[in-house]
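Okay, here's what each chain looks like letter by letter:
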Amino acid sequence: MNQQDIIDFINQSDSPKIKYAFTDIDGVLRGKIIHRQKFLDGLTDGFGFCDVVWGWDSADAPYDNGKTTGWHSGYPDAPVRLDLATFRQIPWEDNIPFFIADFSPGPTGQPNHYALAACPRSLLKRIAGQCQEMGFHAEYAQEFEWFNFRETPGSLQEKNFQQLEPLTPGMFGYSILRPSLESTFYHDLFDLLAQFDVPLEGLHTETGPGVYEAAIMHDEVVRAADKAALFKTAVKEIAYRHGIVATFMAKWNADLPGCSGHVHQSLWNPEQTKNLFYDPAAPNRMSELMRQFIAGQLYCLPHITPMFAPTINSYKRLVEGAWAPTTITWSIDNRTTALRILNHKEAYTRVEHRVSGADTNPYLAIAASLASGLYGIRHKLSLNIPASVGNGYADTGNGTLPRNLAEATRVMANSNVAAELFGTAFVDHFTRTRDWEWRQYIRQVSDWELKRYFEII
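Residues numbered from 1 in each chain as written. Predicted model: local features only at pLDDT ≥ 70, side-chain atom pairs only at ≥ 80, totals over all residues. Heavy atoms only, no water.

## Remarks on the pattern of salt bridges
Okay, so step 1: Counted under the stated rule, the structure contains 21 salt bridges.
Okay, so step 2: Salt-bridge contacts for R30 lead to D24; the nearest nitrogen and oxygen are separated by 3.1 Å. Residues R30 and D24 agree in their burial class; the two are buried.
Okay, so step 3: In this structure, E151 and K159 form a salt bridge, with 2.8 Å as the shortest nitrogen-oxygen distance.
Okay, so step 4: One connected set of salt bridges, linked through shared partners, spans D83, D102, R121, K125 and D226. (Salt bridge = Lys/Arg side-chain N within 4 Å of Asp/Glu carboxyl O. Buried < 20%, exposed > 50% of the residue type's maximum accessible area, 1.4 Å probe, protein only.)

This is the structure in structure tokens:
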């Protein structure tokens, strides 16, 4: 639908309501329902939205170290703009019209002060533009694992997040049997997401009680990130309707596997008729462009790890033997390395970035993947790291991933590579938010500490 078709549809709708949302720095959807007239009035100049969304964390606690906005600026409004190309309807909310928004420049090209630098979708759009200028079409998809519980937000609080009831018991990956216990929920996920224009390529159980995995259909890079960002909230909303709570924590239980958010990526010619990663005459059918792309991702990874592992909990997933990487490695179809290459056929040749967890902001994980790959192409990096064979956890010759968010954040904050990839304004804002996250963590006293030290020490 073009802009006029969308306007006509909104005007002729029985409901005067429109819903829009955007992700904050943590990937949490923030938004509003607005009246039809406000929607029409804001199409050119945008809508005023309190910029506190760039000045607080996922629990709405204001940062004490922010420069983007804060008490020092009075938390003014910043103009948020709807992307009409993202129009869809929410099937589980009476098909209310919905749009994705961001804080990109308006028609005059004037930037939105620091809001633009902080806005994840705006960052990805800028990097996608660089990709197009280099002559490439970026095709991306993200897949997610998540756990489901027979709980409510209220029961989680009442139980203090302890002794939760999983949707189904036991370890039963790729089960045909287990989904039949909740077949209405299972099929609602697949069908309602498709109606919401977030079509799934596949949906199945993973190993763990009540855990599912879904692969989203691939698309142009910005649209792919849109779908991934909407997927996480959509799954939670659909789950609510079935008396279920879904969590995308990277590692909710130390004794169970973590939850990944792998990023699948390939570069094509502008006509989308040739996969530029595939060369049947090259060793392992990997084109030189693909090798440069991989080299760039491996080189940049230590500089930008918080983009793939943004929370305290992220690093509980990145441990040896837990189906998540710990080393800066690549391989052909090997699930123990940071990058897994799939290239048996041109149409499906791609790089799977396995560091990314389910707790990522999709715009940032995908932006980091694309920007670092383009870095390798732009700098013509050679892939001098040999492919790992066998156990990638033991292949530490090229280094290992940071051990925690504080370590990863310090590296990124002082990295010229990160500044080149994303700009100093974004790096400054993002690393300040990660530093805040770490400081909130270290001031807490955990159950582990009480059990270990309370009586004995």
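## Focus: helix α1 (residues 3-12)
Okay, so step 1: Taken as a whole, α1 has its buried residues at I6, I7 and I10. Relative to the axis of α1, the buried residues are bounded by an arc of 100 degrees and lie together on one face.
Okay, so step 2: Of the surrounding secondary structure, the elements contacted by the buried residues of α1 are β1 (17-23), α2 (36-41), β4 (77-90) and β5 (96-102).
Okay, so step 3: At the N-terminal boundary of α1, the capping side chain belongs to N2, with an oxygen 3.1 Å from the backbone nitrogen of Q4. (Helix = DSSP H or I, 4+ residues; strand = E, 2+ residues; numbered from the N terminus. Arc of directions from axis to C-beta. Contact = heavy atoms within 4.5 Å. Polar contact = N/O pair within 3.5 Å; in protein donor to acceptor, adjacent residues only side chain to side chain.)

## Let's talk about the sheet that holds β4
Okay, so step 1: Strand order in the open sheet made by the 5 strands is β2-β1-β5-β4-β3, with mixed pairing throughout. Two strands bound the open sheet, and with one partner strand each, they are β2 (29-35) and β3 (47-50). Averaged over all pairs of adjacent strands, the angle between their axes in this sheet comes to 40 degrees, without regard to strand direction.
Okay, so step 2: Alignment of β4 against β5, held across 6 bridges, turns out to be antiparallel. Directly across from I90, in β5, lies its bridge partner I96.
Okay, so step 3: Packed on one face of the sheet, helix α4 (residues 120-133) meets β1, β4 and β5 and runs near 70 degrees to β5. (Pairing = 2+ DSSP bridges. Axes fitted to C-alpha atoms, helices over the stretch in contact; angles between N-to-C directions.)

## A look at the packing of aromatic side chains
Okay, so step 1: Using the criterion set out here, one finds 29 aromatic pairs in the structure.
Okay, so step 2: Centroid distance W146 to F248: 5.6 Å. Interplanar angle 20 degrees. Geometry classified as stacked. Linking W146 in strand β6 (residues 137-149) with F248 in the loop between β10 (245-247) and β11 (263-268), this pair joins segments that are 102 residues apart in sequence.
Okay, so step 3: You can call W146 buried: its relative accessible area is 0%.
Okay, so step 4: For the pair F149 and W252, a centre-to-centre distance of 4.9 Å together with 85 degrees between the ring planes defines the contact as edge-to-face. Note that F149 is positioned in strand β6 and W252 in the loop between β10 and β11, a separation of 103 residues in sequence.
Okay, so step 5: These aromatic residues form a ring-pair network of at least three members: F144, W146, F185, Y186, Y212, F231 and F248.
Okay, so step 6: One cation-aromatic arrangement involves K32 over F49; the distance from NZ or CZ to the ring centre is 4.8 Å. (Phe/Tyr/Trp six-rings, centres within 6.5 Å; stacked < 30°, edge-to-face > 60°. Lys NZ or Arg CZ within 6 Å of the ring centre and 35° of its normal.)

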